[in-house]
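So the chains spell out like this:
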Amino acid sequence: MTTELTYLSLTLILALVQVFLPAGARTAEFGLKWNAGARDQTLVSTRPLTGRLERAQANLYETLPLFIGAVLIAHAVGADGRLTLWGTALYFWARVAYVPLYAFGVPYVRSLVWVVSLAGLIMVLASLFLLKA
């Protein structure tokens, strides 16, 4: 498996972790009975951390399909190289850093880290257009 596919796999694990972080925060807030129940009522969180974890998860999910597609296409067409290696690494590590930055409400730096993750995604996409004919 290439390093790029390893980073893709790690990003999918991160996405799974980001499913459980807000779920755990909601359970801590509303209780196990709510978690095990049918959740017919939509409860609104009063804890900032819960909302931040939910928004961080949603933010990842906005670019995750693009990242998955770009990495898989780059691999399929043989565009793996320095650009894809650096791009996948930047995307993954920026996404890892983004979670605690968002959870703790760190402004500006969080946005900068998001831009770094976007740059990583763009690098992988750019590799597709830099193939030699």
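Residues numbered from 1 in each chain as written. Predicted model: local features only at pLDDT ≥ 70, side-chain atom pairs only at ≥ 80, totals over all residues. Heavy atoms only, no water.

Draft legend 1. The arrangement of the overall build of the protein in detail. Helices and strands together make up the secondary structure of the protein, namely 5 helices and 0 strands. Each helix and strand of the protein, placed in order from N terminus to C terminus, yields the pattern α-α-α-α-α. Expressed as lengths along the three principal axes of its C-alpha atoms, the size of the protein is roughly 60 × 30 × 20 Å. A total of 133 residues make up the protein; the buried ones form 35% of that total. Of the contacts formed within the protein by residues at least 6 apart in sequence, a portion of 76% connects residues at least 24 apart. If you sum the accessible surface of the protein, you get close to 8000 Å²; carbon and sulfur atoms cover 70% of it. (Helix = DSSP H or I, 4+ residues; strand = E, 2+ residues; numbered from the N terminus. Buried < 20%, exposed > 50% of the residue type's maximum accessible area, 1.4 Å probe, protein only. Contact = heavy atoms within 4.5 Å. Areas by Shrake-Rupley, 256 points an atom, 1.4 Å probe, with all protein chains shown as cover.)

Draft legend 2. Molecular detail of the environment of H75. Structurally, H75 is set in helix α3 (residues 48–76). With relative accessibility at 33%, the residue H75 sits in the partly exposed group. Distance in space between the C-alpha atoms of H75 and S111 is 29 Å, their sequence separation being 36 residues. Those residues in contact with H75 that sit more than four places away from it in its chain are T2, L5 and D80.

Draft legend 3. Layout of the pattern of salt bridges. One pass over the structure, following the stated rule, counts 1 salt bridge. The closest approach of N and O atoms between E54 and R26, which form a salt bridge, is 2.8 Å. With E54 in helix α3 and R26 in helix α1 (residues 3–30), this residue pair connects regions lying 28 residues apart in the sequence. (Salt bridge = Lys/Arg side-chain N within 4 Å of Asp/Glu carboxyl O.)

Draft legend 4. Spatial organisation of the packing of aromatic side chains. Across all of its chains, the model carries 4 aromatic pairs by this definition. Taking the centre distance of 5.7 Å and the plane angle of 45° together, the rings of Y7 and F92 count as tilted. Taken together, the residues Y7 in helix α1 and F92 in helix α4 (residues 82–103) connect sequence positions 85 residues apart. Like F92, Y7 is buried. Seen from their ring centres, F67 and Y91 are 4.0 Å apart, and the 15° between their planes marks the pair as stacked. Remark: Y91 occurs in helix α4 and F67 occurs in helix α3; sequence separation between them is 24 residues. (Phe/Tyr/Trp six-rings, centres within 6.5 Å; stacked < 30°, edge-to-face > 60°.)

Draft legend 5. Structural detail: a nonpolar patch on the surface. Taken together, the side chains of L10, I13, V17 and L21 make up a nonpolar region of the molecular surface, amounting to roughly 310 Å² of accessible area. Along the polypeptide, V17 turns up in helix α1. We classify V17 as partly exposed; its relative accessible area is 40%. (Patch = residues over 30% accessible without salt bridge, like charges linked within 9 Å, V, L, I, M, F, W, Y side chains within 5 Å.)

Draft legend 6. Expanded view of the packing of α3 against α4. Look at α3 against α4: their axes get within 9 Å of each other, and the N-to-C directions meet at 170°. The angle between the axes of α3 and α4 places the two elements in the roughly antiparallel class. Taken together, the residues of α4 that come into contact with α3 (itself represented by L49, R52, L53, R55, A56, N59, L60, T63, L64, F67, V71 and A74) are T84, T88, Y91, R95, Y98, V99, Y102 and A103. The residue inventory of the contact of α3 with α4, partitioned by class, reads 13 nonpolar, 4 polar and 3 charged. (Axes fitted to C-alpha atoms, helices over the stretch in contact; angles between N-to-C directions. Parallel < 35°, antiparallel > 145°, perpendicular 65-115°, else oblique. Nonpolar A, V, L, I, M, F, W, Y, C, P; charged D, E, K, R; others polar.)

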